[in-house]
Amino acid sequence: MTATQLSSDSVRTRDVPARSGRRTLGSRYQNLILGVVGLAVVLAAWQICAATGIVDENFSSSPSGAFTALVDSIRTGSVWDPLGSTLEIVAWGMLISIVVGIPAGLLIGRNNVLHGLTDPLISIMYSVPYVVFLPMLIFWFGIDTNARIVIVVWSALFPLLINVIAGARNLESSHMQVARVFCASRLTTLRSVAFPATLPYILAGIRQAVGRALIGAIVAELFMGSAGLGYQVQLQTSNFEMDDAMASIAVIAVVAIVLTRGVGYLERRFTFWSGTD
């Protein structure tokens, strides 16, 4: 093989990572670009239907009307109080869910007796829609902030608990063998071995829980709230203020994206070693 061939081969070899990097960079933004295009197509179709009278704009609003109402609500500041109320309820519900769900999930996952006792109950509480219990929750807790927090905790706790339990039960046996070799106590094993090893499951559970917590907060505000984005949507829809209602729904959508993407970033940032996407 000549020196020229060796040189050309080495050049091609060095070009491979560069092309691979470009493909990775392109694929990184591909989903974002496709998502924006898809959203633009839906909004354009919606605007055309409203402008041509296919749908009644008085009952369905339009993208331009919703955007104008959103700008007005931001300019006048009418959106901030409902947004703050909803975020406060979500924050309290997530805090309680995390404080309760992570330790309980680790304990249940590492104890076969506790797992056998609680697994059917957790499955039932996760599967049954909490909306059917709203009348009883109203009788028990009223319609104030406490009732809304209960619904948010109900929404967020069980997906987090299920993920933590799954992570604790799927620990590699080598981790537990090392803990036994060093005569670690059960509390030390849970804190220093089980918790770091199940961190990918925990963050994945939090990502699912925060979305369900927002849904729970909106549902609670729709049925029993006197403040928040859900209550605002219900009030605006009752008054046939469809542009304002759609603007409030757009705010809810943005909040959902920010919360889930934020937790997703933390998941990638702190569990890069796990090899999951």
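Residues numbered from 1 in each chain as written. Predicted model: local features only at pLDDT ≥ 70, side-chain atom pairs only at ≥ 80, totals over all residues. Heavy atoms only, no water.

Student: Hey, could you run me through the environment of Ser-78 in this one?
Tutor: Relative to the assigned elements, Ser-78 resides in the loop between α3 (63–76) and α4 (80–110). Judged by relative accessible area, which is 40%, Ser-78 ranks as partly exposed. (Helix = DSSP H or I, 4+ residues; strand = E, 2+ residues; numbered from the N terminus. Buried < 20%, exposed > 50% of the residue type's maximum accessible area, 1.4 Å probe, protein only.)

Student: Any chance you could explain the packing of helix α10 (residues 199–224) against helix α11 (residues 229–238) here in plain terms?
Tutor: For the pair α10 and α11, the least separation of the axes is 7 Å and the interaxial angle reads 45°. With respect to α11, the element α10 is oriented oblique. Considering how the two elements wind past one another, α10 and α11 form a crossing that is right-handed. Every residue of α11 that contacts α10 at Ile-218, Glu-221 and Leu-222 is listed here: Leu-229, Gly-230, Tyr-231 and Gln-234. Broken down by class, the residue content of the contact of α10 with α11 amounts to four nonpolar, two polar and one charged. (Axes fitted to C-alpha atoms, helices over the stretch in contact; angles between N-to-C directions. Parallel < 35°, antiparallel > 145°, perpendicular 65-115°, else oblique. Left-handed = near helix turned anticlockwise from the far one by under 90°. Contact = heavy atoms within 4.5 Å. Nonpolar A, V, L, I, M, F, W, Y, C, P; charged D, E, K, R; others polar.)

Student: I keep staring at the packing of aromatic side chains and nothing clicks. Help me out?
Tutor: Note on aromatic pairs: each is described by the distance of the centres and the angle between the planes. If you walk through the whole model with that rule in mind, you get one aromatic pair. Pairing Phe-133 with Trp-154 gives two aromatic rings, centres 5.1 Å apart and planes at 35°, and the pair type is tilted. One end of the pair, Phe-133, is in the loop between α5 (112–127) and α6 (134–141); the other, Trp-154, is in helix α7 (residues 145–169), and 21 residues separate them in sequence. On the accessibility criterion, Trp-154 (14% relative accessible area) is buried. (Phe/Tyr/Trp six-rings, centres within 6.5 Å; stacked < 30°, edge-to-face > 60°.)

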